[in-house]
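Listed below, chain by chain, are the residues.
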Amino acid sequence: MNDLKQCASIIGLTVIAFTLVGCCTAPPGQALTEVQGLTDQQVIDALAQRADQVQSVMSSGTMRIQTDDGGSVRLDVALLASGNDRLRLRAWKLGRAVIDLTRDGEAVWVWTSERASDPDEPDTLAMLPTAAQLDLAWRLISGQLFASPPDRVEASASSGLVAIYTIKEQTQATPITAKLTINRTTQTIRQITIHDAQGLQRASYTPSGYRLIDGLPWATRIAFESADFAFEIELDEVELN
């Protein structure tokens with residue numbers, strides 16, 4: 001798996017980890033409030049401040065994964081997370097576990113039902129990235145990336161803005177570019193796209209259905225797409241802090 005495919009896989013998994021967030025409520029939250037007249041820096045500061053407010057998460061939802069033949073598979077998912085470096089994600093179908101992902105500090109473990117039933121069967125999830133790469137994806141998805149100023153900010157359609165970051169980590173051979181499209185009036189992320197060194201888009205993450213939960217805007221629907229896989233998530237029951 002090359003660096004860009006690893007990044008896409010990281011973001012996909014971390015999307016599950018971070019966006020299954022909110023306060024225990026069904027249906028989640030209330031309609032968002034809108035604020036007019038904020039500067040670009042005020043919008044980015046608002047996103048950075050929210051990223052510091054989540055300490056622990058317990059949640060559940062459903063995930064629909066697109067298959068190679070054009071069909072889809074529906075899974076139930078559950079998450080436990082604490083801080084930035086502890087995570088337990090479990091997915092199952094018809095009551096049978098199919099994926100179990102655990103991170104504890106620098107250690108990352110993964111179990112799949114296919115691997116358990118046939119140890120000789122190649123398992124792409126066994127190629128999961130390191131904890132350092134998960135940290136990078138967490139900064140992208142959670143908004144912690146906004147703690148540092150973007151390389152540049154551009155205007156977008158529908159009263160939005162695009163924050164652009166060039167990211168170079170030790171685990172990556174070449175830099176990648178992350179473009180985060182933001183709704184200025186609600187200070188929410190509308191889309192994240194990942195581009196390679198040649199400018200080609202390799203992955204996209206699209207949150208929608210934002211609701212105000214415990215005073216914070218959170219997406220209730222999430223779509224992720226890359227060259228390797230695509231999935232959608234809907235939230236049902238979630239608990240924050």
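Since we're looking at a predicted model, the values are computed, not measured.

What counts, and where the lines are drawn
- Starting from 1, residues in each chain are numbered consecutively following that chain's sequence as written.
- Residue-level local features of this predicted model are given only where pLDDT is at least 70; pairs of side-chain atoms are given and counted only at 80 or more, and the full residue set underlies all totals for whole chains, interfaces and linings.
- Side-chain calculation: all heavy atoms of the structure are included, whereas hydrogens and water are not.
- Counting from the N terminus, the helices are DSSP H or I runs at least four residues long and the strands are E runs at least two residues long.
- Methods summary: accessible areas were calculated by the Shrake-Rupley approach with a probe of 1.4 Å, and residue burial reflects only the protein chains presented.
- To estimate how far a helix should extend, the number of its residues minus one is multiplied by 1.5 Å.
- Under the scheme applied here, a residue whose accessible area is under 20% of the maximum for its type counts as buried, over 50% as exposed, and between as partly exposed, the area being computed with a 1.4 Å probe on protein chains only.
- To pair, rings of Phe, Tyr and Trp, with the six-membered ring standing in for Trp, must have centres within 6.5 Å; the planes then decide the type, stacked if under 30 degrees apart, edge-to-face if over 60, and tilted in the middle.
- If DSSP finds at least two bridges between two strands, the strands pair.
- Throughout this description, the term nonpolar core refers to a set of buried Ala, Val, Leu, Ile, Met, Phe, Trp, Tyr and Cys residues connected via side-chain atoms within 4.5 Å.
- Only heavy atoms enter the contact rule, under which two residues are in contact if any of them lie within 4.5 Å.

Asks: Could you give an account of the overall build of the protein chain, naming the residues involved and the relevant values?
Replies: Secondary structure assignment for the protein chain yields 4 helices and 14 strands. As displayed, the protein chain offers around 12,100 Å² of accessible surface, 49% of which is attributable to carbon and sulfur atoms.

Asks: If you had to explain helix α2 (residues 40-51) to someone new, which residues and values would you point to?
Replies: Taking 1.5 Å of rise per residue, the 12 residues of α2 would be expected to cover 16 Å, and the 17 Å separating its terminal C-alpha atoms lies within 8% of that figure. Turning to α2, its buried residues are Val43, Ile44, Ala46, Leu47, Ala48, Arg50 and Ala51.

Asks: So what's going on with the packing of aromatic side chains? Residues and values would help.
Replies: Working definition: an aromatic ring pair is given by the centre-to-centre distance plus the angle between the planes. Considering all chains together, one arrives at 2 aromatic pairs under this definition. Taken together, a centroid distance of 5.5 Å and an interplanar angle of 25° make the contact between phenylalanine 224 and phenylalanine 231 stacked. When its relative accessible area of 3% is taken as the criterion, phenylalanine 224 is described as buried. Judged by relative accessible area, which is 6%, phenylalanine 231 ranks as buried.

Asks: Quick one: what's the story with the pairing of strand β10 (residues 201-208), residue by residue and with numbers?
Replies: Looking along a regular strand, one sees the side chains alternate between the two faces of the sheet. Pairing of strand β9 (residues 188-195) with β10 involves 4 bridges; the strand directions are antiparallel. Among the inter-strand pairings, threonine 193 is bridged to a residue of β10, identified as serine 204. The loop that links β9 with its antiparallel partner β10 comprises 5 residues; one of these, glycine 199, has a positive phi angle of about 90°. As defined by bridge partners, β10 adjoins strand β13 (residues 221-226) across 6 bridges and the pair is classed as antiparallel. Each bridged residue has a counterpart across the sheet, and for proline 207 the counterpart in β13 is isoleucine 222.

Asks: Explain the nonpolar core to me, using residue names and the numbers behind them.
Replies: Phe146, Tyr165, Ile167, Leu180, Ile182 and Ile194 are the most contacted members of the largest nonpolar core, which totals 32 residues. Those residues in contact with phenylalanine 146 that lie beyond four places of it in its chain are Ile44, Leu47, Ala48, Ala163, Tyr165, Leu180, Ile182 and Ile189. Val57, Leu79, Ala81 and Leu87 belong to the second-largest nonpolar core, a separate cluster that totals 6 residues.

Asks: Before we move on, could you go through the pairing of strand β8 (residues 176-183) and cite the residues and values that matter?
Replies: Most of β8 is tucked away, with 7 of its 8 residues classed as buried. Two strands pair when backbone bridges link them, and strand β7 (residues 160-167) and β8 are joined in this way by 8 bridges, in the antiparallel orientation. The residue bridging leucine 161 from the neighbouring strand is isoleucine 182, located in β8. Sheet analysis places β8 next to β9, joined by 7 bridges and oriented antiparallel. Within the sheet, the bridge partner assigned to threonine 181 lies in β9 and is glutamine 191. Hairpin connection from β8 to β9: 4 residues lie between these consecutive antiparallel strands, with glutamine 187 at a positive phi of about 55°.

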